[in-house]
Amino acid sequence: MSQKKILLVDDEQALTRMMRLNLEQTGRYEVREENRGANAVRAAREFMPDLIFLDVMMPDMGGDEVAEQLKEDPTLKHIRYAFLTAIITKRETGTGAAEISGETFLAKPVKREELLAVVEELLGD
Amino acid sequence: MTEDAAKHEGERTPSILMVDDIPANLRILYESLKGRDYRLLIANSGAQALEVAKRASPDLILLDIMMPDMDGFEVCRRLKADPETKDSAVIFLSALDDAADKIRGLELGAVDYVSKPFNPDEVAARVDTHCKILLLERELANRNRQLELVRDRILNSMAEGVVGVDADARVRFVNPAAERILGADAQHLLGRRLEDWEPEQLKRAITRALAERREIVVDGLSLPRAGREHLPADLRVAPVCASDRLEGAVVVLRDLSDRRRVEAKLDRTSDELRQSHRELKEAQMQLIQAAKLESVGRLAAGVAHEVKNPLAIVQLGLDYLAQVVELDGTSIEVVNDMQHAISRADTVVRGLVDFSRERDLDLKPYSMNRILADSLQLVRYELVQRQIAVETALSETVPSRMYDPDKMQQVFLNLFMNAMHAMDRVGTLTVATETIVVAQDDLGTHAKQVGFLPGDRLIRVRVEDTGPGIQPQDLERLFDPYFTTKRQGEGSGLGLSVTRNIVTLHGGSIDLENRPGGGARAVLLFRPAQDSAKERDEPKEDPAGR
């Protein structure tokens, strides 16, 4: 079984690194990090991931804008994505991910098991 | 020549009475003066002269000295003694060219002397001269009267009281304002002597002005008035000197009560202004407070972002390490403590976000004792570090009810952290629960606001420390957002306002007080059972507003 590919987009490099380490540690995922929102779409085209995590608040381009561009691109619009956010509290997302107006949100700080559960849920159809 | 003919010539025509017992002399006088602009009267005896003088008030009397029955001197004496005739000027006529007689005549009040035999031109010239003098004197008197009228009008209309005193400080004049200011009428005041003046300052001012011949000014005098309150006044005493002679002094009194009234009104106005200013400032403070609360939202977002990212890194880093490293018993405890620390930090940040948003409670049936035990667990390490002992008195009979356990945990974390900061090191943290029927004394400000009444059966939670206690003026302000007594960097000032918010959302109250034996105490009150169904059905409703 081939590894699923996950693109992590967050301006916090240490965070994408920790996420990558945890995901890679399972041996099930190939992970790439992108720390600039503006580069996210290009990185997606190159890497063609199965799932993208998008930080909502990034200095150059926010996750919501990246998501818009993904949806507008015919070659990328099929890619599943989830938002990472520091503003929405755990209560709003519950444990794990929350769907708010059709989008999936993951509240920081996210635990390893929550992260893995969300990834499995989004990729395992 | 008739009196009637001259009558309508007007008052300005001088009238002259000629008195002689010898008709020839009268004729000469008459011839001398006729044809001039005089009204001429004749008398041939002293008695007749007095009678005519009384009736006609002549301006000038040419009076012969040597007459039978009554001589000219006697006539003159009587004329001068009678107020009705004393103003007529007398010129004596006599053959006696005697200096003693002339002097006697002048002493009796005569103005001049004409010797016999008459020179008609001389008679006419003297009469003319004296009539001119008379006219001038009359005009002068008229002008004086007018000046006096003007002066009186001025003095009467003056707001200042004017009192004229003579050199002996006796009152010779008062204007109506002075009567009012001194509280006595002119009749009573005129002739009043210096010794009668009150107060002492006024007496002294007049004495000095007269003695030193210079103006004396006294400000803010308090004048006693019979049966009425004292009158505030300014005083000016100016000496009046004619040539070098001291005539007296003018005392000017200025009533200050009007000015005092105006000043009082000004004071009131400025008081009102100050009051509006205060109100404006309060309104401004409220606006600032509102702005602060709004900024809490922005702050919360910023802080959440800044803190939650590092927390996420630590969380995931820890999780990763726990996966890849073989953990023994102690390591597991370390990891658990770190997990707790992360969740505590997360709770604090979440509190900030919660504070800035209207949030519904996630209510579930829960035990207060368990919330307290969990909360204590979270600060266990800190308590040990600070050598703070914990005493718990948790009543087993306190009923469970609906709580949001996370939020209530945040409440107690806040209270415990505050207690620890207050005690710093070494002390006792007491946590107690009980069910009580509250008395009036048990209800603090917030409890009353929430609507708890004496006689209510309530769950009471007490969190007590052995720190220095709270300044009385800070007891309520501590619940204001951003109010903090902690040093810079020790607290955001949001803890207690968030705490009260959460407690209020639970329908409870929280008040701070000082313990009689020292230290502070937080008292929380809750109703044993809450209509939790309602809470769920109407999540948008603000429970605090009920």
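Computed from a predicted structure; not experimentally measured. (Residues numbered from 1 in each chain as written. Chains lettered and ligands numbered in written order. Predicted model: local features only at pLDDT ≥ 70, side-chain atom pairs only at ≥ 80, totals over all residues. Heavy atoms only, no water.)

Undergrad: Got a minute to help me understand the overall build of chain B in this structure?
TA: Of regular secondary structure, chain B possesses 17 helices and 17 strands. Scored against the burial criterion, the 546 residues of chain B give a buried share of 42%. Taking all contacts inside chain B whose residues are at least 6 apart in sequence as the whole, residues at least 24 apart take part in 63%. (Helix = DSSP H or I, 4+ residues; strand = E, 2+ residues; numbered from the N terminus. Buried < 20%, exposed > 50% of the residue type's maximum accessible area, 1.4 Å probe, protein only. Contact = heavy atoms within 4.5 Å.)

Undergrad: Whenever I open this one, a nonpolar patch on the surface confuses me. Can you help?
TA: Residues Leu321, Val324 and Val325 of chain B make up a contiguous nonpolar surface patch of about 240 Å² in total accessible area. By relative accessible area, which is 41% here, Val324 of chain B ends up partly exposed. (Patch = residues over 30% accessible without salt bridge, like charges linked within 9 Å, V, L, I, M, F, W, Y side chains within 5 Å. Areas by Shrake-Rupley, 256 points an atom, 1.4 Å probe, with all protein chains shown as cover. Salt bridge = Lys/Arg side-chain N within 4 Å of Asp/Glu carboxyl O.)

Undergrad: Help me understand the pattern of salt bridges in this model?
TA: Pairs can form between side chains of opposite charge once their charged atoms are near each other. Residues and elements named next belong to chain B. By the definition in use, this model includes 39 salt bridges over all chains. For the salt bridge of Asp59 with Arg138, the shortest nitrogen-to-oxygen distance reads 2.1 Å. You can see Asp59 sitting in the loop between α3 (46-56) and β3 (60-64) and its partner Arg138 sitting in helix α6 (residues 120-157), a full 79 residues away along the chain. On the basis of relative accessibility, which here comes to 32%, the residue Arg138 falls in the partly exposed class. Here Asp112 ties to Arg126 by a salt bridge, and the two come within 2.9 Å at their closest N and O atoms. Taken as a pair, Asp112 in strand β5 (residues 112-115) and Arg126 in helix α6 lie far apart in primary sequence, 14 residues in all. Given a relative accessible area of 28%, Arg126 falls into the partly exposed group.

Undergrad: Looking at this structure, how should I read the sheet that holds strand β17 (residues 520-526) of chain B?
TA: Backbone-to-backbone hydrogen bonds join strands into a sheet, with any given pair of strands oriented parallel or antiparallel. Residue and element names in this part refer to chain B. Read from one edge to the other, the open sheet built from 5 strands follows the order β12-β14-β15-β17-β16, with strand pairing classed as mixed. A single partner strand is all that each edge strand has here, and the edge strands are β12 (388-394) and β16 (509-514). In this sheet, neighbouring strand axes are inclined to one another by 15° on average, regardless of whether the strands run parallel or antiparallel. Relative to β17, strand β15 (residues 457-464) is paired through 6 bridges, and the arrangement is antiparallel. Pairing of Glu464 across the sheet is with Arg521, part of β17. Lying over the sheet, helix α12 (residues 368-378) contacts β12, β14 (427-437), β15 and β17, oriented at roughly 170° with respect to β14. Along the sheet face, helix α14 (residues 405-423) touches β12, β14, β15, β16 and β17 and points at about 135° away from the line of β14. (Pairing = 2+ DSSP bridges. Axes fitted to C-alpha atoms, helices over the stretch in contact; angles between N-to-C directions.)

Undergrad: Mind showing me how you'd approach unusual backbone geometry here?
TA: Keep in mind that most residues, glycine aside, have a negative phi and that most peptide bonds are trans. The amide bond that connects Lys108 of chain A to the next residue, Pro109 of chain A, takes the cis arrangement and shows omega of -5°. You will see that Ser57 of chain B, though not glycine, has its phi angle at about 45°, which is positive. Of note, Ser57 of chain B is situated in the loop between α3 and β3. Taking relative accessible area as the criterion, Ser57 of chain B reaches 40% and is therefore assigned partly exposed. Despite not being glycine, Asp424 of chain B shows a phi value in the positive range, around 65°. Assignment of secondary structure puts Asp424 of chain B in the loop between α14 and β14. We classify Asp424 of chain B as partly exposed; its relative accessible area is 46%.

Undergrad: Explain the packing of aromatic side chains to me, please; I cannot follow it from the model alone.
TA: Any pair of aromatic rings gets described here by the distance separating the centres and the angle formed by the planes. Evaluated as defined, the whole model comprises 5 aromatic pairs over all chains. Taking the centre distance of 5.6 Å and the plane angle of 70° together, the rings of Tyr81 of chain A and Phe83 of chain A count as edge-to-face. Considered together, Tyr81 of chain A and Phe83 of chain A belong to a single accessibility category, that of buried residues. Here a set of aromatic residues connected by ring pairs shows up, and it is made of Tyr81, Phe83 and Phe105 of chain A. For the cation-ring pair, Lys5 of chain A lies above Phe47 of chain A, with the distance from its terminal atom to the ring centre recorded as 5.0 Å. In this structure, Arg401 of chain B packs its charged tip against the face of Tyr403 of chain B, placed 4.7 Å from the ring centre. (Phe/Tyr/Trp six-rings, centres within 6.5 Å; stacked < 30°, edge-to-face > 60°. Lys NZ or Arg CZ within 6 Å of the ring centre and 35° of its normal.)

Undergrad: Where do I start with the environment of Gln385 of chain B in this structure?
TA: All names here are of chain B. Inspection of the secondary structure assignment puts Gln385 in helix α13 (residues 380-385). Since its relative accessible area comes to 44%, Gln385 is described here as partly exposed. Taking the C-alpha atoms as reference points, Gln385 and Arg425, 40 residues apart in sequence, are found 8.5 Å from one another.

Undergrad: Which parts of the structure should I look at to understand the confidence of the model for chain B?
TA: Interpreting fine coordinate detail is not advised for predicted regions of low pLDDT. Residues with a pLDDT of 70 or more make up 85% of chain B, whose mean pLDDT is 80. Across residues 487-493 of chain B the pLDDT falls below 50, and counting only partners more than four positions away or on other chains, this stretch makes 9 contacts in the model. (pLDDT = per-residue confidence, 0-100.)

Undergrad: Sorry if this is basic, but what is going on with the sheet that holds strand β2 (residues 39-43) of chain B here?
TA: Residue and element names in this part refer to chain B. Taking strand neighbours across the sheet as the criterion, the 5 strands line up as β2-β1-β3-β4-β5 in an open arrangement whose pairing is parallel. Because the sheet does not close on itself, it has two edges, and the strands there are β2 and β5. Going from strand to strand, the sheet's axes swing by 20° on average, the running direction of each strand aside. Taken together, the 5 bridges between β3 and strand β4 (residues 89-94) define a ladder with parallel strand orientation. Residue pairing for β4: Leu62 is matched across the bridge by Ile91. Those strands touched by α6 are β1 (15-19), β3, β4 and β5, and its axis lies near 140° from that of β3.

Undergrad: Looking at this model, I keep getting lost on the packing of helix α2 (residues 23-33) of chain B against α6 of chain B. Mind explaining?
TA: Geometrically, a packed helix pair is captured by the angle between its two axes and the distance between the axes. Residue and element names in this part refer to chain B. Orientation of α2 relative to α6, taken along the N-to-C sense of each, is 65°, at an axis distance of 9 Å. In this structure, the crossing between α2 and α6 has a hand that is right-handed. Between α2, through Leu29, Ser32 and Leu33, and α6, the contact on the second element is made entirely by Pro120, Val123, Ala124 and Val127. Within the contact of α2 with α6, the residues separate by chemical class into 6 nonpolar, 1 polar and no charged. (Left-handed = near helix turned anticlockwise from the far one by under 90°. Nonpolar A, V, L, I, M, F, W, Y, C, P; charged D, E, K, R; others polar.)

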